[in-house]
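Summary of the model geometry
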Amino acid sequence: MKLLTCPVNGTRPLSEFVFGGEYRVPPAADCSDKVWADYVHNRHGAPGIKQEWWYHAPSGTWFIAERNTLTDQVIRTFLKGQEGKQ
Amino acid sequence: MPLRLLKYALSKNYPGTRFFKAHETPKKSYDVVIIGGGGHGLAAAYYLAKEHGITNVAVLEKGYIGGGNTGRNTTIVRSNYLTPEGVKFYDASVKIYEDLSEELDLNLFYSTRGHFTLAHTESAMRTMRWRAEVNKHVGVESYVVGPEEISKACPQLDMSCSGQAPILGALYHAPGSVARHDGVAWGYARGADRLGVEIFQNTEVLGIDVQGGKVAGVKTSKGYIATTKVLSAVAGFTPRICEMVGMDTPIVIHPLQACVTEPMKPWLDTILVSGSLHVYVSQSSRGELVMGSSLDPYEVHSTRSTLDFVEGLTSHMLDMFPFLSNIKVVRQWAGMADMTPDFAPIMGKTPIEGFYLDAGWGTWGFKATPISGKTMAETIARDHAPDLIHSFRLSRFEDYELTGEKGAASVGH
């Protein structure tokens, strides 16, 4: 069974988690339509180490995982804004 | 064909002629370079040569031809989609497939089976009616059937699905077929080779040379090739190729897994799909049940397979066919699927002059092989995409004109 570590609830089976996609910072609200369309649709699709949203469904916890999408290895997980406080 | 086999048996020349010439070193330049020697890339090369007289073409394949998603899908060909533009496009593909064995002079084992998309809920029935009406409007033979007709076509099916998900009806699609997928790649490869296209296996693309917004060449593991036109036809690798030209796309890679059972005597004539149970199944000409399910739930660039997948799939198979409990799964594998937000492909021109995309083929690429080859060949030859693929252009995302095809995905992804 594959495991993932929730920053609040500890190591749990992967089946308890939902993938929420790449972590991205939205552009300013007054950006051009082109920039906004790029933000809405486009992704950094190439493999590599990425920060992603994950959701621990039983406890309703959203957090960020840093994961290598080529090897599927999770490097670390943390709550948003608490990156340095693990 | 039997006569050729007899001549081959009596001949003293062994081995026989190869399907295509084994080129080793590419020339310094080509009119068109196609990245990816799967069905799509080879079909594009074939139609470029046959219909547009462009024969100075190189097809570059990192591994061996047909070894990617062309050889990893569950071989289903159908056109019962949801949007009129999707139905028209896939219908054109089915029509080419029907005569393709003849055209390529290769038996593709193209077998029209009829295709049932089972509905277990009222909301699924509503989608089936919707799809049936769109299909009929475009002239595709699809209609909604009740449980009796399904039971008659497949008496082995437990209509209650172990009491878990009783079948209320189905979308029946008469032209639904299966074909030998690797044969499609080999047939197009041979056809293209005979017309002068050069196919390079074990040749990896390392970079694309873009100068002043125009394609100038391709860096490969076998040296630099100058060209002004590059087609990317690399299922599962599109984001990596697009990164070489500094372009982001909406494509995210998810693995899609499949498996086969040990061979059995023929008993399953039709192709069955259940969205609610996340299963699609047909019986191959070898007697194996070929089965697939939903995508893996998160992005991974790998063709690893998992036990979770087989456990989930087989438990649903047993809901449908309890008598299969003693049948063994003998092989499982995965492919990397280019997923798009609207479940439609991305085809045609890009902001970079001379860089063409045949991508975003997610879980629906094999059935589109002939028509995508044909339309991409036209796009490259005329530098203008035909109307048939206008709705699939990359700029649809910028224009917020998506082609909502998710409702016609074979299973709920």
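For clarity, every value in this text was computed on a predicted model and none was experimentally measured. (Residues numbered from 1 in each chain as written. Chains lettered and ligands numbered in written order. Predicted model: local features only at pLDDT ≥ 70, side-chain atom pairs only at ≥ 80, totals over all residues.)

Turning our attention to the overall build of chain B. Of the regular secondary structure elements, chain B holds 10 helices and 20 strands. For 413 residues, the compact-globule estimate of 2.2 N^0.38 gives 22 Å, and chain B sits close to it at 21 Å. The burial tally for chain B puts 51% of its 413 residues in the buried class. Contacts spanning at least 24 positions in sequence make up 76% of the contacts within chain B whose residues lie at least 6 apart. (Helix = DSSP H or I, 4+ residues; strand = E, 2+ residues; numbered from the N terminus. Rg over C-alpha atoms; globule rule 2.2 N^0.38 Å. Buried ≥ 20, exposed ≤ 12 C-beta atoms within 10 Å, placed from the backbone. Contact = placed C-beta atoms within 7 Å.)

What follows concerns the overall build of chain A. A count of helical and extended segments in chain A gives 1 helix and 6 strands. Written out in order from the N terminus, the α and β elements of chain A read β-β-β-α-β-β-β. In terms of its C-alpha atoms, chain A occupies a principal-axis envelope of roughly 45 × 25 × 25 Å. Looking at chain A residue by residue over its 86 residues, the buried ones come to 16%.

Here the focus is the sheet that holds strand β13 (residues 230-232) of chain B. Paired through backbone hydrogen bonds, the strands of a sheet run either parallel or antiparallel to each other. All names here are of chain B. Strand order in the open sheet formed by 6 strands is β9-β2-β1-β13-β20-β19, with mixed pairing between adjacent strands. Every interior strand has two partners, whereas the edge strands, β9 (198-200) and β19 (346-349), have only one. This sheet shows a mean twist of 15° between the axes of neighbouring strands, independent of strand direction. Alignment of strand β2 (residues 57-60) against β9, held across 3 bridges, turns out to be parallel. Within β9, the position partnered with Ala-58 by the bridge is Glu-198. Together, β1 (32-35), β2, β13 and β20 (355-359) form the strand contacts of helix α2 (residues 39-52), whose direction differs from that of β2 by roughly 175°. (Pairing = 2+ DSSP bridges. Axes fitted to C-alpha atoms, helices over the stretch in contact; angles between N-to-C directions.)

Looking now at helix α9 (residues 307-320) of chain B. Residues and elements named next belong to chain B. In a regular helix each residue adds 1.5 Å, so 14 residues correspond to 20 Å; α9 covers 20 Å between its end C-alpha atoms and thus fits that length. Taken together, the buried positions of α9 are Phe-309, Leu-313, His-316, Met-317 and Met-320. Burial along α9 is one-sided: seen end-on, the buried residues are contained in an arc of 105°. Set apart from the buried face of α9 by more than 90 degrees, the exposed residues are Leu-307, Glu-311 and Ser-315. The elements touched by buried residues of α9 are β14 (252-261), β15 (271-274), β16 (279-283) and β17 (289-295). (Expected span 1.5 Å × (residues − 1). Arc of directions from axis to C-beta.)

Next up on the list: the nonpolar core. In terms of nonpolar packing, the biggest core is built from 114 residues, with B:Ile34, B:Ala45 and B:Val57 touching the most fellow members. By residue number, the principal contributor to this core is α2(B), which donates 8 residues. Setting aside residues no more than four positions away along its own chain, B:Ala45 makes contact with B:Ile34, B:Val57, B:Val59, B:Ala192 and B:Val197. Among the nonpolar cores identified, the runner-up in size contains 6 residues, and A:Phe17, A:Trp54, A:Phe63 and A:Ala65 belong to it. (Core = buried A, V, L, I, M, F, W, Y, C linked by C-beta atoms within 7 Å.)

The next subject is the interface of chain B and chain A. Counting residues at the interface gives 19 residues for chain B and 14 residues for chain A. Tallying contributions element by element places helix α8 (residues 238-244) of chain B first for the side of chain B that touches chain A, with 3 residues. Residues belonging to the side of chain B that touches chain A are distributed by class as follows: 11 nonpolar, 3 polar and 5 charged. (Nonpolar A, V, L, I, M, F, W, Y, C, P; charged D, E, K, R; others polar.)

Residues and elements named next belong to chain A. Taken in spatial order, the 4 strands of this open sheet run β3-β4-β5-β6, and their pairing is antiparallel. Of all the strands in the sheet, the pair left with one neighbour each is β3 (17-22) and β6 (73-78). Taken pair by pair, the neighbouring strands of this sheet meet at an average axis angle of 35°, ignoring direction. Pairing of β3 with strand β4 (residues 49-56), which is carried by 4 bridges, proceeds in the antiparallel orientation. Residue Glu-22 lies in a different strand from β4, and its bridge partner there is Glu-52.

In the predicted model, chain B carries a mean pLDDT of 95, and 98% of its residues have values of at least 70. Both scores are given for the predicted complex: the pTM is 0.94, the ipTM 0.93. (pLDDT = per-residue confidence, 0-100.)

Here the focus is unusual backbone geometry. Residues and elements named next belong to chain B. One non-glycine residue, Thr-75, lies in the positive phi region at around 65°. Judged by the 25 C-beta atoms lying within 10 Å of it, Thr-75 is buried. Within the chain, Ser-162 stands out as a residue other than glycine whose phi angle is a positive 60°. Tracing the backbone shows Ser-162 in the loop between α6 (147-153) and β7 (169-173).

Residues and elements named next belong to chain A. As judged from the 4 bridges shared by strand β1 (residues 3-6) and strand β2 (residues 10-13), these two strands associate in the antiparallel manner. In the strand pairing of β2, Leu-3 is matched with Pro-13. Linking two consecutive strands that pair antiparallel, namely β1 and β2, is a turn of 3 residues.

Turning next to the packing of α2(B) against helix α7 (residues 181-194) of chain B. Helix packing geometry: the angle between the two helix axes and the distance between the axes. Residue and element names in this part refer to chain B. Where α2 meets α7, the axes come as close as 8 Å, and the angle between the chain directions of the two elements is 30°. Put simply, α2 runs roughly parallel to α7. In the packing of α2 onto α7, the handedness of the crossing is left-handed. Side by side, α2 and α7 meet where Gly-39, Leu-42, Ala-43, Ala-45, Tyr-46 and Ala-49 of the first sit next to Val-184, Ala-185, Tyr-188, Ala-189, Gly-191 and Ala-192 of the second. Each residue belonging to the contact of α2 with α7 can be placed in one class, and the counts come to 10 nonpolar, 2 polar and no charged. (Parallel < 35°, antiparallel > 145°, perpendicular 65-115°, else oblique. Left-handed = near helix turned anticlockwise from the far one by under 90°.)

All names here are of chain B. With respect to the helices and strands, Ala-258 occurs in strand β14. Overall, Ala-258 belongs to the buried group, with 21 C-beta atoms counted inside 10 Å. Remark: the alpha-carbon pair of Ala-258 and Arg-331, spanning 73 residues in sequence, is separated by 8.6 Å. Residues contacting Ala-258, with those up to four places away along its chain left out, are Arg-72, Thr-74, Val-290, Met-291, Gly-292 and Trp-333.

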